[in-house]
Amino acid sequence: MASTAFHHEAVFYDGERTYMDRLLPFLREGVGADEPMLVAVSPERIRLLADALGADATRVSFVPMDELGRNPARIIPAWRTFADAAGTAPVRGIGEPVWAGRSQAELDECYLHESLLNVAFAERRSFQLLCPYDTSALPEAVLQRARASHPCVGEHGATASSGHYHSEAPVTSLTAVPGEARRLAFDGPALATVRRAVAESAREAGIGARKVEACVLAVNELAANSVRHGGGRGELRLWHEDGALVCEIRDGGCISDPLVGRHHPTLDQLGGRGLWMVNQLCDLVQIRTPPHAPVNTVRVWARA
């Protein structure tokens, strides 16, 4: 599978046998070529691959995807750090951000993440990234999204170009805000009120003290951005859903960078850290700017 361009492939598997038949040779080939390799999959899959590799498992960096990719927006920075550390050398990766049990909101962000990988690494040469998808556990709609977000698809023992691939990042709608959601309009002087409202709602959701602080910090950053860049004001909406506190900020700004919040800040960088910080603090972050509407929406989730 030698390639001089970024190779991004969805690998469809059904059970451990097909999983290993497809991925183990890929890793062994990387060992033989002495290429840096990073594998971000479930802990169970890590054990399976490491046991099969034996002593060669030390040649692979393993990361539990349920930790790294709980918020899918954190995954691209990890791949960037890995690829940048290798310089111009060929690298290999396996990443499985989609698994059974993901919420619909998480699946939407995984779909966006998989599409943005093609943007983030369009200029990175000799990077092979395989993304396994469990056809026995995932619905057909998720598999169709995999075909749309990956230029290549591996199934039935062969790799081919995806006839459903879309080069543009998808735009998925956010679910409707429930009618019982708390609404709070704010401007600069009202940021303290925003912080108090988030803290109260987080405690009502049974969220621990440290995560309450993280959530308040994240929403305060978003609200402050609304004041600075979104017309001087915004609206906060708060509600509880699926054991989580959901906080949504709407303002009149516009976010044009599809990779916003996925750029690792540099030490000498003066601005642009806000959404990066929010992604590190929250369990899920959803950003939507409609192409022809001056309404920017950022929705963050904090799970109990």
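Before any of the text, the structure's been laid out above.
Structure report, in brief. (Residues numbered from 1 in each chain as written. Predicted model: local features only at pLDDT ≥ 70, side-chain atom pairs only at ≥ 80, totals over all residues. Heavy atoms only, no water.)

## Notes on helix α5 (residues 104-120)
Each turn of an α-helix holds 3.6 residues, which means side chains three or four residues apart point in the same direction.
(1) Moving on: Compared with an ideal rise of 1.5 Å per residue, which puts 17 residues at 24 Å, α5 spans 24 Å between its outermost C-alpha atoms and is within 8% of the ideal.
(2) Moving on: Across the 17 residues that make up α5, a large majority, 15, are buried. (Helix = DSSP H or I, 4+ residues; strand = E, 2+ residues; numbered from the N terminus. Expected span 1.5 Å × (residues − 1). Buried < 20%, exposed > 50% of the residue type's maximum accessible area, 1.4 Å probe, protein only.)

## A few points about the environment of Ser136
(1) Moving on: Tracing the backbone shows Ser136 in the loop between β5 (127-134) and α6 (140-149).
(2) Moving on: Taking the C-alpha atoms as reference, Ser136 lies 9.5 Å from Phe12; in sequence the two are 124 residues apart.
(3) Moving on: Setting aside anything within four residues of it in sequence, one finds Ser136 in contact with Tyr13 and Asp14. (Contact = heavy atoms within 4.5 Å.)

## Quick look at the pattern of salt bridges
(1) Moving on: One pass over the full model with this rule turns up 19 salt bridges.
(2) Moving on: In this structure, Glu221 and Arg228 form a salt bridge, with 3.5 Å as the shortest nitrogen-oxygen distance.
(3) Moving on: Its relative accessible area of 19% is what places Glu221 among the buried residues.
(4) Moving on: A network of salt bridges, in which partner residues are shared, links Glu29, Glu35 and Arg92. (Salt bridge = Lys/Arg side-chain N within 4 Å of Asp/Glu carboxyl O.)

## Notes on helix α8 (residues 209-229)
(1) Moving on: Look at α8: 30 Å from first C-alpha to last across 21 residues, which is about the 30 Å you get at 1.5 Å a residue.
(2) Moving on: Gly231 sits one or two residues past α8 and shows a positive phi near 95 degrees.

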